[in-house]
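Notes for the structure review
One-letter residues, chain by chain:
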Amino acid sequence: TECVSSCVCPEGLFDDGRGGCVEQKDCPCIHNNEWYSSGDKIKVDCNTCTCQKGMWKCTDDVCYGTCTIYGSGHYNTFDGKFYDFDGSCEYVATQDFCGDKNSSGSFSIITENVPCGTTGVTCSKAIKMFLGVRSHAMKTLSNRSATPLLAILEVISEFELTVGLYLVIEASNGVMLIWDKKTTVFIKLSPDYKGKVCGLCGNFDDKANNDFTTRSGLLDTNPLNFGNSWKQSPMCPDVTQEIKPCDLKPHRKSWAEKECSIIQSEVFKICHSKVNPHPYYEACVHDACSCDSGGDCECFCSAVAAYAQECIKAEACVFWRTPDICPIFCDYYN
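The present account deals with the structure reproduced in this document. (Residues numbered from 1 in each chain as written. Predicted model: local features only at pLDDT ≥ 70, side-chain atom pairs only at ≥ 80, totals over all residues. Heavy atoms only, no water.)

1. With respect to the pattern of salt bridges
- A complete count under the given rule lists 5 salt bridges for this structure.
- In this structure, the salt-bridge partner of E259 is K258, at a minimum N-O distance of 3.8 Å.
- Residue E259 is classed as partly exposed on the basis of its relative accessible area, which comes to 26%.
- Residue K258 is classed as exposed on the basis of its relative accessible area, which comes to 59%. (Salt bridge = Lys/Arg side-chain N within 4 Å of Asp/Glu carboxyl O. Buried < 20%, exposed > 50% of the residue type's maximum accessible area, 1.4 Å probe, protein only.)

Okay, here's the thing in structure tokens:
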């Protein structure tokens, strides 16, 4: 917004939009329905914006895009489209082999989804990352247990390290995987791939309304049709209806809603105006109802952590873990 001259204010002063009159240099700015004083800075993606004379002046760095896959079939595309898809097959998460069948590309990332729990929802069991030629040998990084957890199958990693709770794999072509060693993976792409990728993570063109572009290049509105188009094997069955685990397991619903209410509580209040909590709350309840084969707390914690991660990206740091809620016992020197 911008300060404007007003008959309410004396000559030379400007209406600050909050019932006061200020000099032009002191005009405030507004972002996400919050007022900021002149000189205040906020973070928007990877750019820093400074309030100057009622206008935001931002750096012009081009930011990495992030796609998130977590829990029981939850996807948040590079362009911020949030949807659920419970297919049981291998699917293209993202790749730059798009358009013409003979088109060249530099990478492909495949997610292998398998049933988790008894309601029919699926979780990502493995992520396969191909760089350059698809026939390269692969090494496996996995966390094997009775509950299907995420594994990362990776090719030619130029950079691999552990950062806090996450394993990070970075390739020199601007592709990065970040794995929490449980059920969440982040795929990050350099801006060089804007508008050049396809798959379940969308096309990374800063437009969420065209993310449901099928393998054949058609735009669909149904996430099921969109997801089915990106399966790797025609032998896998199509998903024909949305699974609602809380309807199938009604005895778990009240517990799920109670636990997941933390997302909509005062604990996350600072984030609510920056990141809409509703889809993350719904996803949390969905996961808490469906995780009926063990690992209840892990499913709940991963769902809340997904919202906390988006809050951090929006510069809203929330301390939500406690000794009773999803505790993490760090090493003494960490």
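There is more to say, and it comes next.
2. Observations regarding the state of the cysteines
- Considering all chains together, one arrives at 12 disulfides under this definition.
- Shown here is the disulfide that connects C29 with C51, its sulfur atoms set 2.2 Å apart. Classification of the bridge connecting C29 and C51 rests on its S-S torsion, roughly 90°, and on that basis the disulfide is right-handed. Pair noted here: C29 is in strand 3 (residues 29-31) and C51 is in strand 6 (residues 47-52), with a separation of 22 residues, a long-range link. Each member of the pair C29 and C51 is classed as buried.
- Between the sulfur atoms of C291 and its disulfide partner C299 the distance amounts to 1.8 Å. By the burial criterion, C291 is buried, and C299 matches it.
- For C317, which is in no disulfide, the shortest distance to another cysteine sulfur is to C311 and amounts to 9.4 Å. (Disulfide = S-S within 2.5 Å. Helix = DSSP H or I, 4+ residues; strand = E, 2+ residues; numbered from the N terminus.)

3. Quick notes on the packing of aromatic side chains
- Scanning all chains against the criterion turns up 13 aromatic pairs.
- Pairing Y83 with F226 gives two aromatic rings, centres 5.8 Å apart and planes at 70°, and the pair type is edge-to-face. Placement of Y83 in strand 10 (residues 82-84) and of F226 in helix 1 (residues 223-229) is noted, with a sequence separation of 143 residues between them. The pair Y83 / F226 is uniform in exposure class, with both members buried.
- With centroids separated by 5.1 Å and ring planes inclined at 80°, the aromatic side chains of F107 and Y193 adopt a geometry described as edge-to-face. Taken together, the residues F107 in strand 12 (residues 107-115) and Y193 in the loop between strand 19 (184-189) and helix 1 connect sequence positions 86 residues apart.
- Taking NZ or CZ as reference, K81 lies 4.8 Å from the ring centre of F212, over its face. (Phe/Tyr/Trp six-rings, centres within 6.5 Å; stacked < 30°, edge-to-face > 60°. Lys NZ or Arg CZ within 6 Å of the ring centre and 35° of its normal.)

4. Observations concerning the pairing of strand 6
- Where strand 5 (residues 41-44) meets strand 6, 4 bridges bridge the pair, whose relative direction is antiparallel. In the strand pairing of strand 6, K43 is matched with T48.
- With antiparallel pairing between neighbouring strands as the criterion, strand 5 and strand 6 make up a hairpin whose turn holds 2 residues, including D45 at a positive phi of roughly 55°.
- Looking at chain direction, strand 6 and strand 7 (residues 55-58) are connected through 4 bridges and run antiparallel. When the bridges of strand 7 are listed, Q52 appears paired with M55. (Pairing = 2+ DSSP bridges.)

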